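The lines below spell out each chain.
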Amino acid sequence: METTIYNYQIIKLMKKKKVWLLTILVVAVISIITGHSNYLKAVSSLGKDTLTMITSPDYPPYEFYDTKGGDRQIVGFDIDIAKTLAEKLGFKLQIMESDFNGLIPALQANRADFAMAGMTPTPERQKNIDFSIIYYEAKDTIVAPKGSNLKQPQDLSGKKVGVQLGTIQEQNAQKIAQKVAGIQLKQLNRVPEVVQEIKSGRINAAIVEDTVAKGFAQANPDLEFNTIPSEEASGSAIAFPKGSSLVEPFNKVLQQMKDNGTLAKLVTKWFSENTTANSASSTPAKGGLNLDFTRILPDIPFILRGIPLTLLFTLLSVSLGLIWGTILSLLKILGIKPLTWVANAYTSVFRGTPLLLQLALVYYATPQLTGYDISALQAGVLTFTLNSGAYMSETIRGGIQAVDKGQSEAAMSMGVPYWLMMWDVILPQALKNILPALVNETIGLLKDSALVSTIGVVEILRSAQIVGANKYIYFEPLLFAGLIYYVLVMGMTLGASALERRLRESE
């Protein structure tokens, strides 16, 4: 009898174990199915297997370029999080860049699936875009010259305060200015520019996030920072286009990363004092400009890699602009009033509006108007072609009209068709006459190519700014970039002079 009861208990215990094992198996299967369904839901809603992230990689340690050895890889705290999210959801990840104040317009134009740049979900931003849950809490600080005793918001009364345009720090500074009388705010595009304004004495202080302020203070011992007490909760979140289906699956993975300690490990990796110190300059400033180009020696290959892109951009813009300008100039001198009016109106519009405005409209409006996701380089070339064509058309028109009328009369008397006469007789002489003006236009395009850095093209100037942001310095990389531009312009000038002498010899 006892043996029977004992066997019964064993069988009962085994059944309980089977039930527990079955329960665990069911839970595991459900979680796998749920996770897989989230992935399928995200993939089916997007209809693609690659996510495009947009960021502003001049904000270490959140996102910045690894410039060692000339590499052009964006790294940082936000990048590691984005890679983990994409991997967990089964997507590939593509990263594109822009200035910080261009991130939200890019999302609104559906140029990217999400944005990460230490962005805080304020009520104003939430009206235009969606946000994930907060993944990192940060605090604002007052950065000022050492010994200035600017520690509290009240101390900023009557002071000039710098902020980065479009950031939560700008909004917080505006709130402080409403409470503390006499604060004058100065908005700039990048934090390094704000810090340089402090060192130049143009502003008294700046409001910067603590993790970034720490790096600048370590690289510049003449600066100090003090934390501002937070009146309301704030932190960094992922931004999405309004109504994005990625918000829910991203939130679930972010919560998992919080629960299993993945986020904590990334915070330790990127926000430790050692990491910040490594990003900062190893030879801090001692006063004055303290120019020391050895500080950027390891990053010179990175800056030099911007030269081919700058030259390619200039060559394409000049070539296409010359063709377009020639067409416009011919429309103006044909004598057909509708065509003349259209060409003159076109020239008036493009000469009467800022080039930077035209660039922004082409880059951000093209996807919405046409559905074509134009790249930053394509947008830059197209904008500069349209703009330079308007200027060149007037130059070419003047060159054509400067050709002696006897040339065209002689060709017409010989029965040469009009278009053949223009191509073989008039235009070659006109282009030779206006060669100096065309060289000036080319040089202008080469220097103006720096404007495409505002939409994320990493040319010479953008490369120098990236190095400056990574090293928490300002002058050395910009002066080196200026030297590169000067050498390129001088080379172009010498080449044009040689060509002009050659043409004179053939006369």
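Residues numbered from 1 in each chain as written. Predicted model: local features only at pLDDT ≥ 70, side-chain atom pairs only at ≥ 80, totals over all residues. Heavy atoms only, no water.

1. Points about the overall build of the protein chain
Heads up, the rule is: Starting at the N terminus, helices and strands are each numbered in turn, a helix being any DSSP run of H or I of at least four residues and a strand any DSSP run of E of at least two. Contacts: residue pairs with any heavy atoms within 4.5 Å of one another. Shrake-Rupley sampling with a 1.4 Å probe provides the accessible areas, and residues are treated as covered by the protein chains on show and by no other component.
The helix and strand tally for the protein chain stands at 20 helices and 13 strands. Excluding contacts between residues fewer than 6 apart, the proportion of contacts in the protein chain whose partners are at least 24 apart in sequence is 78%. Summing over all exposed atoms, the protein chain offers an accessible surface of approximately 25,200 Å²; the carbon and sulfur share of this is 60%.

2. A look at the environment of Glu-97
Threshold: The definition of a polar contact used here is a pair of N or O atoms within 3.5 Å, where within protein one atom must be able to donate a hydrogen and the other to accept one, and adjacent residues in sequence count solely through side-chain atom pairs.
Among the secondary structure elements, Glu-97 is positioned in strand S5 (residues 92-97). Each C-alpha atom of the pair Glu-97 and Asp-58 lies 9.7 Å from the other, and the pair is 39 residues apart in sequence. Every residue in contact with Glu-97, bar those within four places of it in the chain, is listed here: Ile-54, Thr-55, Pro-57, Tyr-65, Ile-74, Ile-455, Gly-456, Val-458 and Arg-462. Side chain to side chain, Glu-97 and Tyr-65 meet in a polar contact 2.3 Å long. Within the structure, Glu-97 has its side chain in polar contact with the side chain of Arg-462 (distance 2.9 Å).

3. As for the nonpolar core
Under the convention used in this document: As used in this record, nonpolar core signifies buried Ala, Val, Leu, Ile, Met, Phe, Trp, Tyr and Cys residues forming a set joined through side-chain atoms within 4.5 Å. Only protein chains enter the calculation, and the probe is 1.4 Å; a residue is then buried if its accessible area is under 20% of its type maximum, exposed if over 50%, and partly exposed in between.
Counting 71 residues, the largest nonpolar core has Phe-77, Ile-81, Phe-114, Tyr-135, Ile-238 and Phe-250 as the members making the most contacts within it. Setting aside anything within four residues of it in sequence, one finds Ile-238 in contact with Leu-85, Phe-114, Ala-115, Met-116, Asp-130, Phe-131, Ser-132, Tyr-135, Phe-250 and Leu-254. Listed in part, the 44 residues of the second largest apolar core include Met-96, Leu-330, Met-392 and Ile-396.

4. Concerning the UniProt feature "transmembrane region" (unreviewed entry) in the protein chain
Heads up, the rule is: UniProt positions are given in the numbering used here, feature names are shortened, and annotations may be inferred rather than shown by experiment.
The feature "transmembrane region" (unreviewed entry), as annotated in UniProt, sits at residues 20-40, 309-331 and 478-499 in this numbering. Taken end to end, residues 478-499 is 100% helix and 0% strand, and its two terminal C-alpha atoms sit 32 Å from one another.

5. Comments concerning the sheet that holds strand S9 (residues 160-164)
Worth spelling out the cut-off: Should DSSP find at least two bridges between two strands, the strands are regarded as paired. Axis lines are fitted through C-alpha atoms, for helices just across the contact stretch, and the angle between N-to-C directions can take any value from 0 to 180 degrees.
Spatially, five strands are ordered S10-S9-S11-S8-S12 in an open sheet, and the strand pairing comes out mixed. The two strands at the open ends of the sheet, each matched to only one other strand, are strand S10 (184-188) and strand S12 (223-227). The mean angle between the axes of side-by-side strands here comes to 30°, regardless of whether they run parallel or antiparallel. Where strand S8 (residues 140-145) meets strand S11 (residues 205-209), four bridges bridge the pair, whose relative direction is antiparallel. The partner of Thr-141 across the bridge, within S11, is Val-208. With respect to the sheet, helix H5 (residues 168-179) is in contact with S8, S9, S10 and S11, its orientation differing from that of S11 by roughly 130°.

6. A few points about the packing of aromatic side chains
As a reminder, the rule being used: Side-chain rings of Phe, Tyr and Trp (the six-membered ring for Trp) are treated as a pair once their centres are within 6.5 Å; stacked means planes under 30 degrees apart, edge-to-face means over 60, and tilted covers the remaining angles. Counting as a charge over the ring demands two things of the Lys NZ or Arg CZ atom: a distance within 6 Å of the ring centre and an angle within 35 degrees of the ring normal.
Tallied over the full model, the rule gives 17 aromatic pairs. Summarising the aromatic geometry, the rings of Tyr-59 and Tyr-62 are spaced 5.5 Å apart at their centres and angled 20° between planes, so their arrangement reads as stacked. Aromatic rings pair up to connect Tyr-59, Tyr-62, Phe-77, Tyr-135, Tyr-136 and Phe-271 into one cluster. If you follow Arg-111 out to its NZ or CZ, it ends over the ring of Tyr-363, 3.8 Å from the centre.

7. Looking at helix H7 (residues 210-219)
H7 sits mainly inside the fold: eight of its ten residues count as buried. Among the residues of H7, Asp-210, Thr-211, Val-212, Ala-213, Gly-215, Phe-216, Ala-217 and Ala-219 are the ones counted as buried.

8. Some points on the packing of helix H8 (residues 247-259) against helix H9 (residues 262-271)
Cut-off, in case you're wondering: The labels follow the angle: roughly parallel below 35 degrees, roughly antiparallel above 145, roughly perpendicular from 65 to 115, and oblique for the rest. In the scheme used here, Gly and all other residues not listed as nonpolar or charged are polar, with Ala, Val, Leu, Ile, Met, Phe, Trp, Tyr, Cys and Pro taken as nonpolar and Asp, Glu, Lys and Arg as charged.
Where H8 contacts H9, the axes come no closer than 4 Å and their chain directions differ by 75°. Compared by their axis directions, H8 and H9 come out roughly perpendicular. On the side of H8, the interface is formed by Leu-254, Met-257 and Lys-258, while H9 contributes Thr-262, Leu-263 and Leu-266. Grouping the constituent residues of the contact of H8 with H9 by class yields four nonpolar, one polar and one charged.

9. A word on empty space enclosed by the protein
How we decide: Lining residues are those with an atom within 4 Å of a point, where the points come from a 1 Å grid over the protein atoms alone and group into cavities, where a 1.4 Å probe fits but cannot get out, or pockets, open sets with protein on both sides within 12 Å along at least five of seven lines. Grid points are joined across faces, edges and corners, and a volume is the space filled by probe spheres set on the points. These domain boundaries are the output of an automatic or database domain assignment.
For the structure shown, the criterion picks out three cavities of 30 Å³ or more. Estimated volume of the largest cavity: approximately 80 Å³. Around the largest cavity sit 13 residues that line it, and Tyr-59, Phe-100, Ala-117, Gly-118 and Thr-167 are the ones nearest its centre. Only strand S2 (58-59), strand S6 (114-119) and H5 provide two or more residues apiece to the lining of the largest cavity. Tallied by class, the residues present in the lining of the largest cavity amount to four nonpolar, five polar and four charged. Both domains that meet at the lining of the largest cavity, namely domain 2 (50-132 + 235-273) and domain 3 (140-227), each give it at least three residues.

10. Here we look at the confidence of the model for the protein chain
Applied cut-off: What pLDDT conveys is the predictor's confidence in a given residue, as a value from 0 to 100.
Averaged over all residues, the pLDDT of the protein chain equals 82, while 84% of them reach at least 70. The model gives residues 1-13 a pLDDT under 50, and that stretch makes zero contacts with residues more than four places away or in other chains. The model gives residues 23-44 a pLDDT under 50, and that stretch makes ten contacts with residues more than four places away or in other chains.

11. Brief notes about the side chain of Arg-111
Among the structural elements, Arg-111 can be located in the loop between helix H3 (103-108) and S6. At 2.9 Å, the side chain of Arg-111 and the backbone oxygen of Tyr-363 are in polar contact. A polar contact is formed between the side chain of Arg-111 and the side chain of Asp-373, at a distance of 3.3 Å. Other than its neighbours up to four places away in sequence, Arg-111 contacts Thr-52, Met-96, Ala-106, Tyr-363, Tyr-364, Pro-367, Asp-373, Ile-374 and Ser-375.

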